[in-house]
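Structural overview
One letter stands for each residue in the lines below.
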Amino acid sequence: MRILQLGNNNWANQYSLSEDLEWHFNDFPEKLKVKNKKAKGYLVVIIDEGAKLSDENWKKLYLLIDPYHVLYTEKALENLSATGENFLKCTAAEKIVEDPQTLINHLQVRYFFGQSGIRIFPTAIELNSKKINEFEFLDSGNLKLQIDSQKKWINIGAYRNGLYLDPNRKIKLWLTMKAKNVSVRLRIFIQEIGSDGNPDNNYVLLIDKNSDKELYLPISVSKTPRVADITIEVKGFGELTIGVLHSRWGRDGKGEFIAGGKRIVNLERREDIAYYFNPGDLKPPLNVYFAGARSLEGFEAFPLFRNLKAPALLFTDMRLSIGQFYDDKDNVMGTKIEDVIMRTLKKLGFDKSQLIMNGISMGTYPALKYGSRIGAYMINVAKPLGNLGYIASRARLQRPDDFDTIFDIDHQLISTLDDKNLHKLDEKFWQEFDHSDLSKTRLFVGYMENDDYDDIAINKLKASPAVKTAKQFSFKGFPGRHNDNDAINAWFVERLVYVLQNNFNRKK
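The notes below deal with the structure included here. Predicted model, so just to flag it, every value in this text is computed and none were measured.

**Examining the side chain of Asn380**
With respect to the helices and strands, the residue Asn380 is situated in strand S21 (residues 378–382). A relative accessible area of 0% means that Asn380 is categorised as buried. Within the structure, the side chain of Asn380 is placed 3.1 Å from the backbone oxygen of Phe492, a separation counted as a polar contact. Dropping the residues within four chain positions of it, Asn380 is found in contact with Met357, Asn358, Gly359, Phe444, Phe492, Arg495 and Leu496.

Right, dumping it as structure tokens:
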């Protein structure tokens, strides 16, 4: 882990450093090139009292450090130049409130490179037949049970496979569920890989239905991999629906997936969506991007929007197996997503004429839906999916045994998966979209000519009354099925770059 400290006093001479820390003190940028020609950037920059760089070098350093990875002391602000202060704003720097040694000891578990999160489905639970006689799978992501524990905690089952605990990482868990008059807790058994384990080496995590906080495994970080076996215990008399269990790398409170990441939570269903704000250069526009389908949880397109240098807001949907199209039956998530976008615009001092909504594949659904609601300056999408009911109805013939998760997704949006309700689901989307005001919106759409998911979305857009009154509507077809041709992604990026350069005066 490469650390740069700027200031009067070298912490490396005052505090204990791990051998895994490569500490650089006031050697930016000249000595950096001499020491390691292949080195590119730092994982953490610490700004202390007396930190001085030229305006040019502050700007160079900005390109070598990610937002939320810059830390500063109170005294650092006393003689910092205006460009240095702007550097802190553009990197979303955080004030240090703990002693240096404590901070140093936690650098590696907070600011590491990478992100990870996995889903464990209720279908992986081996139910305790002595305690559970009846159960029902509502879909692959929801298991419904009737609980009567006689006011005692009972073990109702265990996940069949052990959870791999990555070395040097804190692990946190989040269980999607709905519980009525039932308390739930997880019992975790920890063992070293290759060992028989010790049953006494276990921990209990009580799930607070009123808290949106993920639960950290209460174990210290280890340099060697371990395995956790998980059982589910309940108490009460009522109905319990167990959803997906999420296991994620934690950052000791410094972010979701990546440093600075945050979550939107619907506590009623204990569902969550994550978002990340990159301040960029704090100049218009604000780019919003919705990640596509992801089997591994985390943010998408971070390097793209980092390199564009404009403020960016990234969203990722962690529900079900690949996400849930950023929507739900009661529009809870949609309302919360729009609120995050509007609050971010206000924070930047922007308005909706300085907002760009982007999405590819699954990300096109929220970009079109929420972008049209807000009246964004630009909606930029590739491989549009607007007909979730239609996608499900053509699955048997067009995509046998592929993307069956669409049935789980639609089941969260409508009560019954019959032709009538699937059709109503799509009608609801287009009725709202068609009645939106796009008169000040530029719409760019790249589509696949032989799309095996939603081949009617482009025709729906062409016929939409809202699109006919849009400020601009540009579209281009690419040969192939939904995932056949990467050229469409390049076209998507080119449209975005074009508007940034020509409408927001951003140079290459």
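**Here we look at helix H4 (residues 100–110)**
For H4, every residue scored as buried is listed here: Pro100, Leu103, Ile104, Leu107, Val109 and Arg110. Buried residues along H4 sit against strand S1 (2–6), strand S2 (22–25), strand S3 (44–47), strand S4 (70–72) and strand S15 (226–250).

**Points about the sheet that holds S1**
Taken in spatial order, the 5 strands make up an open sheet running S2-S1-S3-S4-S5, and their pairing is parallel. With partners counted over all chains shown, the strands left at the sheet margins are S2 and strand S5 (94–95), one partner each. As defined by bridge partners, S4 adjoins S5 across 2 bridges and the pair is classed as parallel. What sits directly across from Leu71, in S5, is Glu94.

**Some thoughts on the pairing of S15**
The buried count for S15 comes to 20 of 25 residues, which makes it a mostly enclosed element. Relative to S15, strand S9 (residues 142–148) runs antiparallel, the two sharing 6 bridges. Paired with Ile147 across the strands is Gly238, a residue of S15. Of the pairings in the sheet, the one linking strand S10 (residues 154–159) to S15 comprises 4 bridges and is antiparallel in character. Residue pairing across strands places Asn155 opposite Glu233, the latter belonging to S15. Note: strand S11 (residues 163–165) against S15, 3 bridges, orientation antiparallel. Bridge pairing links Leu165 to Arg226 in S15.

Rules of the game
Residues numbered from 1 in each chain as written. Predicted model: local features only at pLDDT ≥ 70, side-chain atom pairs only at ≥ 80, totals over all residues. Heavy atoms only, no water. Helix = DSSP H or I, 4+ residues; strand = E, 2+ residues; numbered from the N terminus. Buried < 20%, exposed > 50% of the residue type's maximum accessible area, 1.4 Å probe, protein only. Polar contact = N/O pair within 3.5 Å; in protein donor to acceptor, adjacent residues only side chain to side chain. Contact = heavy atoms within 4.5 Å. Pairing = 2+ DSSP bridges.

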